Amino acid sequence: MSRRAAIGILWHAVLIALLLAMFYPIAFALSNSFKSISDAYSSVMELIPSRPTLENYSRVFSRLDVWRITANTLFIALVASVFKVLTSILAAYAFTEFSFPGRGVLYFVMISTIFIPFNVTMLPNYLSITSLGLNDTLVGVALPQLCDATGIFLIRQSMRTIPRSILEAARMENRSSLGMLTDIVVPLTRPAILSSAIIFFINSWNEYVWPVLMLKSKENFTLSLALQMYISSEGGTEFTVAMAVSVLAMLVPFGLYVMFQKFIVSTFTSSGVKG
Amino acid sequence: MKNMNVKAFLMLLPSLSVFGAFMFWPLARTFYISFFEWNMVSPVKKFVGLGNYAALLGSPLVHRVLGNTAAYALILLAVNFVVPYVLAFVLSQVVKRGRALYKGAFFLPSVISLVVGSMIYTWILNPISGPVAIAAQRLGLSAPIWSKTEGAVIVVLSLVTSWKIFGYNFIVILGGVSGVSSEVIEAARVDNVPLWRIFTDIVLPMSSATGVYLFVMTVVQGMQFLFTPIRVLTMGGPNYASSNLVYHSYHEMFVVYRTGTGSALAVITLLGFAFLLFLEFRFVEGRVYYES
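Conventions adopted
Residues numbered from 1 in each chain as written. Chains lettered and ligands numbered in written order. Predicted model: local features only at pLDDT ≥ 70, side-chain atom pairs only at ≥ 80, totals over all residues. Heavy atoms only, no water. Helix = DSSP H or I, 4+ residues; strand = E, 2+ residues; numbered from the N terminus. Buried < 20%, exposed > 50% of the residue type's maximum accessible area, 1.4 Å probe, protein only. Contact = heavy atoms within 4.5 Å. Areas by Shrake-Rupley, 256 points an atom, 1.4 Å probe, with all protein chains shown as cover. Lys, Arg positive; Asp, Glu negative; His and termini not counted. Charge placed at Lys NZ, Arg CZ, Asp CG, Glu CD. Domains from an automatic or database assignment. Buried area = accessible area lost by both parts, 1.4 Å probe. Salt bridge = Lys/Arg side-chain N within 4 Å of Asp/Glu carboxyl O. Polar contact = N/O pair within 3.5 Å; in protein donor to acceptor, adjacent residues only side chain to side chain. Arc of directions from axis to C-beta. Nonpolar A, V, L, I, M, F, W, Y, C, P; charged D, E, K, R; others polar. Expected span 1.5 Å × (residues − 1). Bend = angle between axes of the 7 residues up to and from the residue. Axes fitted to C-alpha atoms, helices over the stretch in contact; angles between N-to-C directions. Parallel < 35°, antiparallel > 145°, perpendicular 65-115°, else oblique. Left-handed = near helix turned anticlockwise from the far one by under 90°.

S.K.: Which parts of the structure should I look at to understand the overall build of chain B?
M.R.: Of regular secondary structure, chain B possesses 13 helices and two strands. Projected onto its principal axes, the C-alpha coordinates of chain B cover approximately 75 × 75 × 35 Å. Among the 292 residues that make up chain B, the fraction classed as buried is 55%. Pairs at least 24 residues apart make up 70% of the contacts formed inside chain B by residues separated by at least 6 positions. For chain B, the computed accessible surface area is about 12600 Å², with 69% contributed by carbon and sulfur atoms. Taken as two groups, the 19 positive and 10 negative side-chain charges of chain B have centres that lie 11 Å from each other.

In structure tokens form, the structure reads like this:
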């Protein structure tokens, strides 16, 4: 028994050490964003700033149009996540509620888009968006991201757990398919819908690849692109300001995750195989 | 019945049109462009047949990129597949306390942008003023300038990417491992089967559906996630030592404007992923898909 307990403590130590290592970068960014540049260089190891200052944040706000950049990021993230959730609910419902010829194949084809790497689609999408005259616009960034196979999968998995008797009863009442969807199916699958929405929002908020191809002018920049101006492999010169920008970019995903943590984690845990 | 088909079709129409316009049509177009020589702006595309593919397969540079891609895959799998698998087993069988807490905390870095991750890690690993360099100095060691050192550059970029992948993989595999029947494990424990044998003989095979899925996704997602740290930190350098297949096709298309070879590289990436998808179906079929 005591040997078992000792092994347990040892593993806890390993897990906690790993957690600390994973949290260190966050603590590092946070603490250095509140140091003056000279303090940061002389005491980079200190996790609690001895003379905390807000000068880095005020510098960020005076130099970057933070509100505009945030609004751009928010616009793309909202459009993408709202559309992804709507298209996913409809498709998931079609696959759950109706049986039609080719259903299995079509489902497989749609889900397999998860395996299409973005380098396969980015050049033609770049050309299409350009020929629509939407190059360097927020709409051009959002347009190819209005649907997502992960959402179809997660929401369908959840819809399949609805007891048949509930659906049968609703059918007896002669409800329309759409009525059943909005009144019965959607309320019963809320956790999966909500966590898909949050994940889509966070992913789009953090998105880098496609916006960097699309957006050229600074007034259209998203957070990721603004951040990039402070990076080079040697680190650039404005260490503490860069940390402040990082902290600002982390805030929204962080807050959302803390608020909806339970939903998100349980959706991924119980989704069985896919995520 | 007809009516039902129409309804189903109408509900699928939005997703089908988005996938059609921005997934399948571009896929076909990339495939088409891979048979041409084209600089993206010129009105003429020159047909070269399989020329781009032949040129790629014979190029030492591409061999190098393929080698890097394999090295990335191995590191990402070790860190984000093997380690979480073992830890998930430990958390479900050895230490049971604090499971929800560990799950929630490990996932947290997964919601942070890779650009932010890249930025923070460059400063932590800064060879002059970063905490790692200073700690190494105190121990009398010197940290290499990782961004200029072949090999080290792959390790560091994998580390940045793992910070994003690890937590997600951990909760998914924990879900799979926790799904293994506890009666079977209890029976084995009563028979005094050592824990590591319980892991290799019972848990691994019984959670293999999730395991295979995660193995495949780690490579598929990992290769794409790597693009961001490569693009913002090294641009594939030094001397292509950190480029992978996905980044290199971008480089061909959008940096040197050889869209034909870039597209051929993209097709090769897709074939690699399709092979992984095929593997997944071979192994996972019957365990997961039959129930649907």
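S.K.: Help me understand the domain arrangement of chain A in this model?
M.R.: By a widespread convention, an interface's size corresponds to the accessible area lost as its parts come together. Residues and elements named next belong to chain A. When the domains of chain A are assigned, the result is domain 1 (1–53) and domain 2 (64–270). The C-alpha-based centres of domain 1 and domain 2 are spaced at 32 Å. Every contact between the two is made by 12 residues of domain 1 and, on the other side, eight residues of domain 2. Summed over both partners, the interface of domain 1 with domain 2 comes to about 800 Å²; 83% of that surface belongs to carbon and sulfur atoms. One can count zero salt bridges joining domain 1 with domain 2. Put simply, domain 1 and domain 2 have zero residue pairs in polar contact (both at pLDDT 80 or more) between them. Sort the elements by how many residues they give to the side of domain 1 that touches domain 2 and helix α1 (residues 2–33) lands first, with six residues.

S.K.: Is there a simple way to think about the environment of T269 of chain B in this case?
M.R.: Position of T269 of chain B among the secondary structure elements: in helix α13 (residues 259–284). For T269 of chain B and M223 of chain B, which are 46 residues apart along the polypeptide, the C-alpha to C-alpha distance reads 9.5 Å. Apart from the residues lying within four places of it in its own chain, the contact partners of T269 of chain B are P117 and N119 of chain A together with L245 and V246 of chain B.

S.K.: Looking at this structure, how should I read the environment of G260 of chain B?
M.R.: All names here are of chain B. Relative to the assigned elements, G260 resides in helix α13. C-alpha of G260 to C-alpha of S249: the two residues are 11 residues apart in sequence and 9.7 Å apart in space. Ignoring any residue separated from it by four or fewer positions in sequence, one finds G260 in contact with I33, S34, F36, W38 and N52.

S.K.: So what exactly am I meant to see when it comes to helix α9 (residues 195–206) of chain B here?
M.R.: Residue and element names in this part refer to chain B. When α9 is considered as a whole, its buried residues turn out to be I198, F199, I202 and V203. Seen along its axis, α9 keeps its buried residues to an arc of 130 degrees; they face one direction. Packing partners of the buried residues in α9 comprise α3 (60–94), α7 (152–178) and α8 (182–190).

S.K.: Mind showing me how you'd approach the interface of chain A and chain B here?
M.R.: Each partner contributes to the interface: chain A provides 95 residues, whereas chain B provides 98 residues. Both sides together, the interface formed by chain A and chain B hides about 8800 Å², and carbon and sulfur atoms give 78% of it. When residues of the side of chain A that touches chain B are assigned to their parent elements, the largest contribution, 16 residues, is made by α1 of chain A. Considering only residue class, the side of chain A that touches chain B consists of 67 nonpolar, 23 polar and five charged.

S.K.: Explain the environment of F239 of chain A here, please?
M.R.: By the element assignment, F239 of chain A lies in helix α14 (residues 239–270). C-alpha of F239 of chain A to C-alpha of A40 of chain A: the two residues are 199 residues apart in sequence and 8.2 Å apart in space. In this view, F239 of chain A contacts F28, N32, I37, A40, Y41 and V44 of chain A together with W123 of chain B; residues no more than four positions away in its chain are not counted.

S.K.: I keep staring at helix α6 (residues 118–131) of chain A and nothing clicks. Help me out?
M.R.: One turn of an α-helix holds 3.6 residues; hence residues three or four places apart share an orientation. Residues and elements named next belong to chain A. An ideal rise of 1.5 Å per residue puts 20 Å on 14 residues; α6 measures up with 20 Å between its terminal C-alpha atoms. When the local axis directions of α6 are compared, the greatest deviation, roughly 25 degrees, occurs at P124. With 12 of 14 residues buried, α6 is to be regarded as a mostly interior element. Those residues of α6 lying buried are F118, N119, V120, T121, M122, L123, P124, N125, Y126, L127, S128 and I129. Residue G133 follows α6 closely and has a positive phi angle near 75 degrees.

S.K.: When you look at the packing of helix α5 (residues 114–124) of chain B against helix α11 (residues 227–234) of chain B in this model, what are you seeing that I'm missing?
M.R.: Relative placement of two packed helices is described by the angle separating their axes and the distance separating the axes. All names here are of chain B. Where α5 contacts α11, the axes come no closer than 9 Å and their chain directions differ by 50 degrees. For the element pair α5 / α11, the angle class is oblique. The handedness of the crossing between α5 and α11 comes out as right-handed. The segment α5 lies against α11, with L114, V115, S118 and T122 engaging T228, P229, V232 and L233. Its residues placed into classes, the contact of α5 with α11 shows five nonpolar, three polar and no charged.

S.K.: Help me understand the side chain of K164 of chain B, please; the structure alone is not making it clear to me.
M.R.: Tracing the sequence through the fold places K164 of chain B in helix α7. Residue contacts for K164 of chain B: discarding those within four places in its chain leaves N206 of chain A together with P109, S110, V111, I112, S113, L114 and F225 of chain B.

S.K.: Teacher, can you tell me more about unusual backbone geometry here?
M.R.: The general pattern is negative phi for most residues beyond glycine and trans for most peptide bonds. Residues and elements named next belong to chain B. Cis geometry is found at the peptide bond from G237 to P238, where omega equals -5 degrees. Residue position: P238 is located in the loop between α11 and α12 (245–255). The backbone of N239 sits at a positive phi, close to 50 degrees, despite the residue not being glycine.

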